[in-house]
Amino acid sequence: MPVIAISRPETVYGGVSGGNRKLKRANGGDEEDVDGVDELEYEDADSGSDAEMRDLDDDDGDANDNDKRSGFGSSTKGSSLVTPGELITEDTMWMRGHGTFSQDEKTFSSVAGTITRVNKLLSVTPLRGRYQPVIGDHVIGRITEVGNKRWKVDIGGNQDAALLLGSVNLPGGVLRRKSESDELQMRQFLKEGDLLNAEVQALFSDGGASLHTRSLRYGKLRNGMLVQVPSSLIIRLRTQLYRLPGGVDMILGINGYIWLSKSSKVAADVSITRLEETSGLEIYSDTNEEINTSTRENIARYANCIRALAFKEVGVNETRLIAAYEASLAYASAGDLIEDEVKAILAAEALAADRSDE
Amino acid sequence: MKYSPAELSYLKESLKASPPIRPDARLETQLRPIEAISNILPTANGSARIRASDGGECIVGVKAKVVPTSSTSELINVDVEISGLKENNSLASTLSSIFQSTLNSSQSLRQRLKLTSRFSFKLFIDVLVLSNQSHPLGLVSLTIYLALLSTKLPLLTSSTDDSKAEEVPVFHDDWDQARPLCDIPVTQSDSSKKSDSHWTPPLILLMAVVGENIFIDPTNAEEQVASTGLFISWSNGSISAPLRTLDIGSTDPQGISSTVLSKAYSIVEQCGQEISDSLTAVYVQDEDASSSDF
Amino acid sequence: MSVLQDRRRVLPPVDTIPLQFKEDEGSSGSKETTIARTRTIRPIFIKQSVVANASGSAYLEVEDIKLQCSVYGPKPIRGSFTQQADLLVEAKLPSLGQDASNDKSASIEKDITSFVQTSITPGIILTQYPKSCINIMITVISADLENRNFKSLLAAATNVASLALVDAGIALYDIVTSASVLLSRNENGESLYFDPETPRESEDIEGVLSFMTGQDESNIVGMWLDGENITSKNLTTLTESAKEAACQIRTLFNGVILQEFHDKEQEASNSK
């Protein structure tokens, strides 16, 4: 294995002619090495930019000619990908949701992303950007501040979420009243830097989120490591807790924070009746259990697989991750997985497996 | 970046194990992949840009100026700027001083900058760290190395002996005649011939010590659990000054044993040449590419 | 220059040359005096509690090197919570005269700061002082930076900071002591000197290492070696001899600290 892998950057020139093609190349990296990956992933993006090109052509022809683009215009013909400032519809029947703004009764997109329609609500989901909390999301966060009866938690959103002292399980049972002494020793439970998984309980009017950890599924995290990916790569599913082959548990935070840890002996779902017995001060412990070498190696390998998926902008789910992990076993040393070519191969394998799964 | 105690202890245990397990499963001697290119600034005598896989990025420009040798004690001036930090920030000035003293202490480099008995070139090395996740020392060193490799100085046409009559140096107009600052070993047989004139820039490698293990090119998380940072310089095929310990933001700094020190020594001995060869290859490739353009 | 001229002084004629004294017959070059003293350190003068308004302070003198260090703290910090104390080291040089540029002295100050900080941090039990900070100010009262060994100055700076920390009563794992060494290499072979006075020549290796000499293992807390072509044997020799020198200094410090304590006790009983 080389001590250092050095690649030379692809030269990307701006400009009109061929700019699109070159940009694509820059994103895709070495096309020759991985057949098919770029096609698979950039399919949508490509047709999207084609649609955009058509629109621009329209503008060139007649800037005020919006008729051709009325309704969902060309954007819906190819895909529903729009760029900021692009007209979505002139129809006033639509309710304008996130990612849109209106001018003269017309609805425009304010972010680059895909159009989503729910009944009469029209919104644009951004391709990039920070995590936007939704009630019920299972997220992973890091305490940034211990405040008055509440913790501030970084969940990768526009603003820190709040975790109220009343929304956590304290040692001594769920139904115990929060006393003043609890307020004084908040740092004993959770302190700056601590990681926890929680559910978004409510949203404030300013877009901030309020979290709760009132279930044994939630709470402080230990016995593992965190990997961060863009939140757009995580899909909301019924469960975000997975048991992966190799003795590794994964919590896929909707906000893109992924926790990999040693498989716990206790089943993830503990009945509410057992909650009281199990919630001692040890749920706030900072000490890790004994973790053997092979588990640690597997965790590092999974972490690299997740990074490989993120590198190619492939959404992370259980099937893909396991496929990438299995493909990665071809490399005896997981250290090989940090190289760009290998990452691309893993991402391709993951996508292929996911397709055949369907 | 702040980590939770559980994360830090998990990381520390993994790194202390034998063999150690790094958070990205790298080997102890393996650097993170980088993207490197030389000669990116057309107005500089030499330049390079390196992007690290964690998003760190560094640009170095080298400019030369003719000065009377007697007017300055230091022929190399290094100025490090880290975006987002103030100019007099201690990290930036520490880096400046490390590279400045390392390069100035190289006798062969000073020899190479000498023009006539009165005049010398003075090198101004401007380093711009655009972003960094972990300690930028290693990244900066790789970039300076590549920039110095690509540095070309104009060919002197006037006489080299001006001890009797002061004479302003005159240079050849043609940049194609410029001589490279360093000798690039083109083939294997060339590199094995070690003559006094052969010189490549020093390469400083940053390592983190955790327990009895040494990790080259540490990530931010690894730096936090390290006992201490350590850097060793590799110059012209041997270990050279400086060998220093460095505070890299460990949360729990500790002493290291002399066994660890010898281990670090042998790690640099092991991979120093390979890293410098890899960077040289980038430069040679860039040279080929630019010459084939015309 | 004329603007800055000191008008209170009677200036000499412009063509004056400075007085030059004839070299003393007895001392012919510092190199030889170094040879006479290979594996011992120069005599050190130390005194603790020299600054009344600091939490702790110390003064150290080795020939031309005169250093003073004061420790302030631990004192509370404002703002966010920290698990352990922040340590802030600062070094100040005397004005170096007119020809030395400001830039240079700033970079030397940074070198001292960074070496001392790296060396002494592992010795302090920082976790005992959450939400506080400890400031260490080192003042170089005099030192010849041009012609004397800089590594010896670094060692002295570390040592004076350690003494000041002890004086401030801050919880320590161990007293960090630092020693400089020089390995001279020439045709005649290698020879080693403790606490060198002169800077290295081209083939030599010089260095300064800090130790927690009370600990058996993992006791190197700071290191700075300079020189070309350092072999692994050189590295071992330098580390081992620096440790020997650091132990000598540690023994000396222990004696002084205890002596000062006894003196104070004596004073107290006398005043009764």
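Nothing here was measured: the structure is a model prediction, and the numbers come from that model.

Calculation notes
In this convention, every chain numbers its residues from 1, walking through the sequence in written order. Written order determines the labels here, with chains lettered from A and ligands numbered from 1. Given that this is a predicted model, residues contribute local features only at a pLDDT of at least 70 and side-chain atom pairs are listed and counted only at 80 or more, while totals for whole chains, interfaces and linings are drawn from all residues. To obtain the side-chain values, all non-hydrogen atoms of the structure were included, while hydrogens and water were left out. Secondary structure elements follow DSSP: runs of H or I no shorter than four residues count as helices, runs of E no shorter than two count as strands, and numbering proceeds from the N terminus. With C-alpha atoms as the basis for the radius of gyration, the globule rule is written as 2.2 Å multiplied by the number of residues raised to the power 0.38. We call a residue buried when its accessible area falls under 20% of the maximum for its residue type, exposed when it is over 50%, and partly exposed in between, using a 1.4 Å probe and counting protein chains only. Here, residues are in contact when the closest pair of their heavy atoms is within 4.5 Å. In short, Shrake-Rupley with a 1.4 Å probe defines the accessible areas, and a residue's cover is counted only from the protein chains shown. Two residue types count as positive, namely Lys and Arg, and two as negative, namely Asp and Glu; His and chain ends fall outside the count. Lysine's charge is taken at NZ, arginine's at CZ, aspartate's at CG and glutamate's at CD. Centres within 6.5 Å make a pair out of two Phe, Tyr or Trp rings, where for Trp the six-membered ring is used; the pair is then stacked when the planes are under 30 degrees apart, edge-to-face when over 60, and tilted otherwise. Two limits define a charge over a ring: the Lys NZ or Arg CZ must be within 6 Å of the ring centre, and within 35 degrees of the ring normal. Note on terms: buried area is the combined drop in 1.4 Å-probe accessible area of two parts once they are placed together, counting the loss on both. Salt bridges are counted wherever a side-chain nitrogen of Lys or Arg sits within 4 Å of a carboxyl oxygen of Asp or Glu. Under this definition, polar contacts are N or O atom pairs within 3.5 Å; protein pairs additionally need one hydrogen-donor-capable and one acceptor-capable atom, and for neighbouring residues in sequence, both atoms have to be side-chain atoms. Strands pair, by our definition, only if DSSP identifies at least two bridges between them. Every angle, taken between N-to-C directions, lies between 0 and 180 degrees, and every axis is a line fitted to C-alpha atoms, over only the stretch in contact when it is a helix. Nine residue types can take part in a nonpolar core, namely buried Ala, Val, Leu, Ile, Met, Phe, Trp, Tyr and Cys, and a core is a set of them joined through side-chain atoms within 4.5 Å. UniProt positions are given in the numbering used here, feature names are shortened, and annotations may be inferred rather than shown by experiment. Every helix has an expected span of 1.5 Å times one less than the residues it contains. Exposure above 30% relative accessible area and the lack of any salt bridge qualify a residue for a patch; like charges then connect within 9 Å, and the nonpolar side chains Val, Leu, Ile, Met, Phe, Trp and Tyr within 5 Å.

Counting its regular elements, chain B contains seven helices and 11 strands. The C-alpha atoms of chain B give 20 Å as radius of gyration, which agrees with the globular expectation for 294 residues (19 Å, within 12%). If you line up chain B on its principal axes, its C-alpha atoms span 70 × 40 × 35 Å. For chain B, with 294 residues in total, the buried portion stands at 57%. Sequence-distant contacts, at least 24 apart, represent 71% of the contacts inside chain B between residues at least 6 apart. Summed over all atoms, the accessible surface of chain B reaches about 11,700 Å², with 50% contributed by carbon and sulfur. Counting 23 positive and 35 negative side-chain charges, chain B places the averaged centre of each group 5 Å from the other.

Following the criterion strictly, the structure yields six aromatic pairs over all chains and no others. Note on Phe 121 of chain B and Phe 171 of chain B: the rings are 5.6 Å apart at their centroids and 25° apart in plane angle, and the pair reads as stacked. A residue pair is termed long-range when its members are at least 10 positions apart, and Phe 121 of chain B in strand 5 (residues 119-131) and Phe 171 of chain B in the loop between strand 6 (152-153) and strand 7 (179-180) qualify at 50 residues. What makes Phe 121 of chain B buried here is its relative accessible area of 3%. Judged by relative accessible area, which is 22%, Phe 171 of chain B ranks as partly exposed. When the ring centre of Phe 311 of chain A is taken as reference, the NZ or CZ atom of Lys 343 of chain A above it lies at 4.5 Å. Sitting over the face of the ring of Trp 224 of chain C, Lys 151 of chain C holds its NZ or CZ atom 4.8 Å from the ring centroid.

A word on the interface of chain B and chain A. Taken together, the contact between chain B and chain A spans 38 residues of the former and 39 residues of the latter. Both faces considered, chain B and chain A share a buried interface measuring about 3,100 Å² in area, 62% of it formed by carbon and sulfur atoms. Applying the counting criterion to the chain B and chain A interface returns one salt bridge. Among the salt bridges present, the one from Glu 7 of chain B reaches Arg 142 of chain A, with a minimum N-O distance of 2.7 Å. At the junction of chain B and chain A, the tally comes to 15 residue pairs in polar contact (both at pLDDT 80 or more). Of all the secondary structure elements, the ones that give two or more residues to the side of chain B that touches chain A are helix 1 (5-16), strand 1 (34-38) and helix 7 (258-293) of chain B. Ranked by residues supplied to the side of chain B that touches chain A, first place goes to helix 7 of chain B with nine residues.

What follows concerns the sheet that holds strand 1 of chain B. Strand order in the open sheet made by the six strands is 1(A)-1(B)-2(B)-3(B)-5(B)-4(B), with mixed pairing throughout. With one partner strand each, in any of the chains shown, strand 1 (6-7) of chain A together with strand 4 (76-82) of chain B form the two edges of the open sheet. Judged from the 12 bridges that link them, strand 3 (residues 57-68) of chain B and strand 5 of chain B form a sheet pairing that is antiparallel. When the sheet's bridge partners are listed, Lys 63 of chain B is paired in strand 5 of chain B with Phe 124 of chain B. Packing of helix 2 (residues 90-104) of chain B onto the sheet brings it into contact with strand 4 and strand 5 of chain B, and relative to strand 4 of chain B it is tilted by some 155°. Contacting strand 1, strand 2 (46-52), strand 3, strand 4 and strand 5 of chain B, helix 4 (residues 137-149) of chain B crosses the sheet at an angle of about 145° to strand 2 of chain B.

Formed by 153 residues in total, the largest nonpolar core has its most connected members in Ile 112, Ile 136 and Ile 138 of chain C. Once you skip the residues sitting within four places of it in the chain, Ile 138 of chain C turns out to touch Leu 67, Gln 68, Cys 69, Val 89, Glu 90, Ala 91, Lys 92, Val 116, Ala 157, Val 160 and Ala 161 of chain C. Grouped together as the second largest cluster of nonpolar side chains are 39 residues, Val 248, Leu 252, Ala 310 and Tyr 325 of chain A included.

Following the UniProt record, one finds the feature "domain: Exoribonuclease phosphorolytic" (unreviewed entry) at residues 30-154 of chain B. Along residues 30-154 of chain B one finds 28% helix and 37% strand; the C-alpha atoms at either end are 38 Å apart.

On to helix 7 (residues 293-311) of chain A, then. The terminal C-alpha atoms of helix 7 of chain A, which comprises 19 residues, lie 27 Å apart, in line with the 27 Å expected from a rise of 1.5 Å per residue. The element helix 7 of chain A is largely enclosed, with a buried count of 14 among its 19 residues.

Residue and element names in this part refer to chain C. Strand order in this open sheet of five strands is 1-2-3-5-4, and the pairing throughout is mixed. Two strands in the sheet have a free side with no partner beyond their single neighbour: strand 1 (45-48) and strand 4 (86-92). With strand direction ignored, the average angle separating the axes of adjacent strands in the sheet is 15°. Here nine bridges tie strand 3 (residues 65-76) to strand 5 (residues 132-142), and the two strands are oriented antiparallel to one another. Note on strand 5: the bridge partner recorded for Tyr 72 is Asn 135. In the packing of helix 4 (residues 232-271) onto the sheet, contacts are made with strand 1 and strand 2 (56-62), and the angle to strand 1 comes to roughly 40°.

Let us look at a nonpolar patch on the surface. The grouping of Met 95, Val 118 and Leu 121 of chain A at the surface amounts to a nonpolar patch, some 270 Å² of accessible area in total. In this fold, Leu 121 of chain A is placed in strand 8 (residues 121-126).

What follows concerns the pattern of salt bridges. All names here are of chain A. For the structure shown, the criterion picks out 32 salt bridges over all chains. Here Arg 320 ties to Asp 354 by a salt bridge, and the two come within 2.6 Å at their closest N and O atoms. Taken together, the residues Arg 320 in helix 8 (residues 318-328) and Asp 354 in helix 9 (residues 340-357) connect sequence positions 34 residues apart. By relative accessible area, which is 16% here, Arg 320 ends up buried.

Residues and elements named next belong to chain A. Pairing of strand 5 (residues 100-103) with strand 6 (residues 106-109), which is carried by four bridges, proceeds in the antiparallel orientation. Its bridge partner being in strand 6, Phe 101 is matched across the sheet by Phe 108. Hairpin geometry of strand 5 and strand 6 is characterised by an intervening segment of two residues between the two adjacent antiparallel strands and by a positive phi of about 50° at Asp 104.

Turning next to unusual backbone geometry. In the segment running from Ser 18 of chain B into Pro 19 of chain B, the intervening peptide bond is cis, with an omega of -5°. You can see Pro 19 of chain B is positioned in the loop between helix 1 and strand 1. The amide bond that connects Gly 73 of chain C to the next residue, Pro 74 of chain C, takes the cis arrangement and shows omega of 0°. If you trace the backbone, Pro 74 of chain C turns up in strand 3. With a phi close to 60°, Lys 149 of chain A is a non-glycine residue in the positive phi region. Position of Lys 149 of chain A relative to the elements: it lies in the loop between strand 9 (138-146) and strand 10 (150-154). Overall, the relative accessible area of 44% leaves Lys 149 of chain A in the partly exposed class. In this model, Lys 131 of chain C sits at a positive phi of 55°, which is unusual for a non-glycine residue. Counting through the fold element by element, Lys 131 of chain C comes out in the loop between helix 2 (102-120) and strand 5. Among the residues examined, Lys 131 of chain C registers a relative accessible area of 36% and is labelled partly exposed.

It is worth spelling out the pairing of strand 3 of chain B at this point. Residues and elements named next belong to chain B. Pairing geometry for strand 2 and strand 3, over six bridges, is antiparallel. Following the sheet pairing, Ser 47 is matched in strand 3 by Gly 61. Taking the residues between adjacent antiparallel strands as the criterion, strand 2 and strand 3 are bridged by four residues, where Gly 55 takes a positive phi near 100°.

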